[in-house]
Amino acid sequence: MTAQPHACVRFRRAIERRALWLAEDAARELPNLPLEDALQLVHLYGERGSPKYERAAMRWLERYLTEGSPRLEHFAEIAGELAKRDV
């Protein structure tokens, strides 16, 4: 049995509770954090005013481009929303 299911549950609980350090800890244990979950972590960085926010947002945008099939307009909208939260 691996620690992955447990880390996934801990990540979701930490996100629900807005507990940044706990979410980061659980995310580190996951071999591949799903794109949607990664975005939740990016938003939590922004809410907390973390200096990690900009780098995490940029990494998320890179993943979104490679893993998704976004239209240019949608990508620009998301990038703009992330830029508004920049700390």
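Predicted model, so just to flag it, every value in this text is computed and none were measured.

Student: Quick question: what am I supposed to make of the side chain of Glu24 here?
Tutor: Mapped onto the elements of the fold, Glu24 is located in helix H2 (residues 20–29). Setting aside its immediate chain neighbours within four residues, Glu24 contacts Leu41, Tyr45 and Lys52.

Student: Honestly, the packing of H2 against helix H3 (residues 35–48) in this entry has me stumped. Any pointers?
Tutor: Here H2 crosses H3 at 150 degrees, and the two axes come no closer than 10 Å. By the angle between their directions, the pair H2 and H3 is classed as roughly antiparallel. Here the hand of the crossing between H2 and H3 comes out left-handed. Residues Leu20, Ala23, Glu24 and Ala27 of H2 form the contact with H3, whose own contacting residues are Leu41, Leu44, Tyr45 and Arg48. Class assignment for the residues of the contact of H2 with H3 results in six nonpolar, no polar and two charged.

Student: For this particular structure, what's the right way to read the packing of helix H4 (residues 53–67) against helix H5 (residues 72–84)?
Tutor: The description of two packed helices rests on the angle between their axes and on the distance between the axes. Two numbers describe how H4 lies on H5: the axes approach to 11 Å, and their chain directions differ by 170 degrees. One element, H4, and the other, H5, form an angle in the roughly antiparallel class. Contacts from Tyr53, Ala57, Trp60, Leu61, Tyr64 and Leu65 of H4 reach H5 at His74, Phe75, Ile78, Ala79 and Leu82. Per-class residue counts for the contact of H4 with H5 are 10 nonpolar, one polar and no charged.

Thresholds, definitions, all that
- The residue numbers shown here count from 1 along each chain, following its written sequence.
- Under the rules for a predicted model, residues below a pLDDT of 70 receive no local features and side-chain atom pairs below 80 are neither given nor counted, while totals for whole chains, interfaces and linings still include all residues.
- Water and hydrogen atoms play no part in the side-chain values, which are based on all heavy atoms of the structure.
- Only runs of H or I of at least four residues qualify as helices and only runs of E of at least two qualify as strands under DSSP, and these elements are numbered from the N terminus.
- Residue contacts are defined here by distance: any two heavy atoms, one from each residue, within 4.5 Å place the two residues in contact.
- Here an axis means a line fitted to C-alpha atoms, over the contact stretch when the element is a helix, while the angle between two N-to-C directions is reported on a 0 to 180 degree scale.
- Throughout, the term roughly parallel applies to angles under 35 degrees, roughly antiparallel to angles over 145, roughly perpendicular to angles from 65 to 115, and oblique to all others.
- Two helices crossing with the near one rotated counterclockwise from the far one by less than a right angle form a left-handed crossing, whereas a clockwise rotation gives a right-handed crossing.
- Only Asp, Glu, Lys and Arg are considered charged in this grouping, and only Ala, Val, Leu, Ile, Met, Phe, Trp, Tyr, Cys and Pro are considered nonpolar; every other residue, Gly among them, is considered polar.

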